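# Residue-level structural notes
So the chains spell out like this:
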Amino acid sequence: DEMSKVDIGRVRSLSIKCLSEVSWHDDARMRQDVRESGGLATDQFDVKWTPENAAGVSALIESVDGEGNPRRFLMDVGWELEYMDRVFRREGIDRMLSEGRIDFLYITHEHVDHFWGLPAALKYRPDLKILIPTGFSERSRQLLRASGHAGEVVELGPEMPHLLFPGCASVTFDIPIFLK
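Let us look at the structure shown here. Because the structure is predicted, anything quoted here is derived from the model rather than measured.

Thresholds, definitions, all that
- For every chain, the first residue of the written sequence is number 1, and numbering continues from 1 onward in sequence order.
- It should be noted that, the model being predicted, local features are given only for residues of pLDDT at least 70 and side-chain atom pairs only at 80 or more, the latter also being counted only at that level, while totals for whole chains, interfaces and linings use all residues.
- Heavy atoms throughout the structure, all of them, feed into the side-chain values; hydrogens and water do not.
- Categorising residues by exposure relies on relative accessible area from a 1.4 Å probe, with only protein chains included: less than 20% of the type maximum marks a residue as buried, more than 50% marks it as exposed, and the intermediate range marks it as partly exposed.
- Put simply, DSSP marks the helices as runs of H or I at least four residues long and the strands as runs of E at least two long, and each gets a number from the N terminus on.
- DSSP bridges decide pairing: two strands pair if at least two such bridges lie between them.
- Residues with no salt bridge and a relative accessible area higher than 30% make up the patches, which join like charges within 9 Å and nonpolar side chains (Val, Leu, Ile, Met, Phe, Trp, Tyr) within 5 Å.
- Per-residue and other accessible areas were derived by the Shrake-Rupley procedure at a 1.4 Å probe size, with only the shown protein chains allowed to occlude residues.
- Any Lys or Arg side-chain nitrogen located within 4 Å of an Asp or Glu carboxyl oxygen qualifies as a salt bridge.
- An arc is given here, and it is the one of the directions from the helix axis to the C-beta atoms.
- Any two residues whose heavy atoms approach within 4.5 Å at even a single point are treated as in contact.
- Polar contacts, as counted here, are pairs of nitrogen or oxygen atoms within 3.5 Å of one another; within protein the pair requires one atom able to donate a hydrogen and one able to accept it, and residues that are adjacent in sequence qualify only if both atoms are side-chain atoms.
- Joining through side-chain atoms within 4.5 Å is the link that ties buried Ala, Val, Leu, Ile, Met, Phe, Trp, Tyr and Cys residues into a set, and such a set is a nonpolar core.
- Inter-axis angles, ranging from 0 to 180 degrees, are taken between N-to-C directions of lines fitted to C-alpha atoms, where helices are fitted over the stretch in contact.

### A look at the pairing of strand 2 (residues 54-65)
Counting buried positions along strand 2 gives 10 out of 12 residues, so the element sits mostly inside the fold. Sheet analysis places strand 2 next to strand 3 (residues 70-75), joined by six bridges and oriented antiparallel. Within strand 3, the position partnered with glutamate 62 by the bridge is arginine 72. Taken together, strand 2 and the strand that follows it, strand 3, pair antiparallel across an intervening segment of four residues, in which glycine 68 is found at a positive phi of about 90 degrees.

Here is the structure:
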């Protein structure tokens with residue numbers, strides 16, 4: 001079988017700014033937390049995480065589409081709320097969110113270091129549109145609701161590419177993750 005081509009459009013420019021790539025501060029401590037809680041098959045909500053070890057992963061994607069329209073989205077929101085709030089304030093994400101200059105939040109997957117910092121972003125814009133892959137656990141959905149989210153949630157399944165805006169598409173994969 002030959003993969004079919006999909007025209008997603010064009011962009012004039014694309015910028016990816018890493019806001020934080022530090023999931024946690026100490027890898028050994030994170031592994032110990034997981035081991036002490038029962039291993040990789042343990043639900044991440046049941047792990048007794050060491051709070052001072054938490055940080056988070058997040059990036060700002062900025063683009064100008066083929067028509068010259070600026071587009072911006074936040075990819076993931078990290079983990080530890082105070083850490084992520086400092087990151088968002090340092091990088092001006094707080095203002096961008098408050099002023100409606102970020103179009104949506106894209107959660108790549110529901111791991112603690114990519115998703116649990118949601119309240120740090122939503123405090124600046126509770127109605128922010130959120131894109132998630134299908135298969136989020138009920139506990140993760142509860143966290144989304146408890147974070148004060150008041151906007152639309154769009155689930156992206158593992159079918160053909162999802163057009164996010166002209167020139168930018170997403171493909172998701174239906175694969176299991178550890179610590180779910």
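### So, a nonpolar patch on the surface
Residues Val11, Leu14 and Ile16 make up a contiguous nonpolar surface patch of roughly 280 Å² in combined accessible area. Its location among the elements puts isoleucine 16 in strand 1 (residues 11-24).

### Some words on helix 1 (residues 27-36)
Those residues of helix 1 not exposed but buried are Met30, Asp33 and Val34. Viewed along the axis of helix 1, the buried residues span an arc of 95 degrees, placing them on a single side of the element. For helix 1, exposure combined with an orientation more than 90 degrees from the buried face picks out Arg35 and Glu36. Along its buried surface, helix 1 packs onto strand 1. The backbone nitrogen of alanine 28 lies 3.0 Å from a side-chain oxygen of the residue at the head of helix 1, namely aspartate 26. One or two positions beyond helix 1, positive phi appears at glycine 38, with a value near 120 degrees.

### A short note on the nonpolar core
A general feature of soluble globular proteins is that nonpolar side chains tend to end up buried together. Judged by nonpolar contacts, the single largest core of 36 residues is most densely connected at Trp49, Leu74, Phe88 and Ile93. Those elements that place two or more of their residues in this core are helix 1, strand 2, helix 2 (81-90), helix 3 (93-98), helix 4 (112-115), helix 5 (118-122), strand 5 (130-133) and helix 6 (138-146). In contact with isoleucine 93, other than residues within four places in its own chain, are Leu19, Leu60, Leu74, Phe88 and Ile102. Among the nonpolar cores identified, the runner-up in size contains 10 residues, and Ala59, Ile61, Leu131 and Phe165 belong to it.

### A few points about helix 2
All of the buried residues along helix 2 are Tyr83, Met84, Asp85, Val87 and Phe88. If you follow the buried residues of helix 2, they end up packed against strand 1, strand 2, strand 3, helix 3 and helix 5. For helix 2, the capping residue at the N-terminal end is glutamate 80, with a side-chain oxygen 3.1 Å from the backbone nitrogen of glutamate 82. Glycine 92 occupies a position one or two residues after helix 2 and carries a positive phi of about 80 degrees.

### Here we look at the sheet that holds strand 6 (residues 153-156)
What holds strands together in a sheet is hydrogen bonding between their backbones, with the strands either parallel or antiparallel. With mixed pairing, six strands are arranged side by side in an open sheet as 1-2-3-4-5-6. With partners counted over all chains shown, the strands left at the sheet margins are strand 1 and strand 6, one partner each. Neighbour-to-neighbour, the strand axes of the sheet open up by a mean angle of 20 degrees, direction not taken into account. Bridge count between strand 4 (residues 104-106) and strand 5: two bridges; the pairing is parallel. Residue pairing for strand 5: tyrosine 106 is matched across the bridge by leucine 131.

### With respect to the environment of leucine 128
Among the structural elements, leucine 128 can be located in the loop between helix 5 and strand 5. By relative accessible area, leucine 128 is classed as buried at 0%. Between the alpha carbons of leucine 128 and leucine 40 there is a distance of 32 Å; along the sequence they are 88 residues apart. The contacts of leucine 128, once residues within four sequence positions are left out, are Leu97, Ile102, Asp103, Phe104, Leu105, Leu122, His149, Gly151 and Glu152.

### Considerations on the pattern of salt bridges
Think of it this way: side chains of opposite charge can pair up when their charged atoms draw near. Tallied over the full model, the rule gives 15 salt bridges. Two residues, glutamate 91 and arginine 90, come together in a salt bridge whose shortest N-O distance is 2.8 Å. A relative accessible area of 22% places glutamate 91 in the partly exposed class. Residue arginine 90 is classed as exposed on the basis of its relative accessible area, which comes to 54%. Aspartate 127 is paired through a salt bridge with arginine 125; the nearest N and O atoms lie 3.3 Å apart. With a relative accessible area of 45%, aspartate 127 lands in the partly exposed category. Within this structure, Lys17, Arg90 and Glu91 form a network of salt bridges that share partners.

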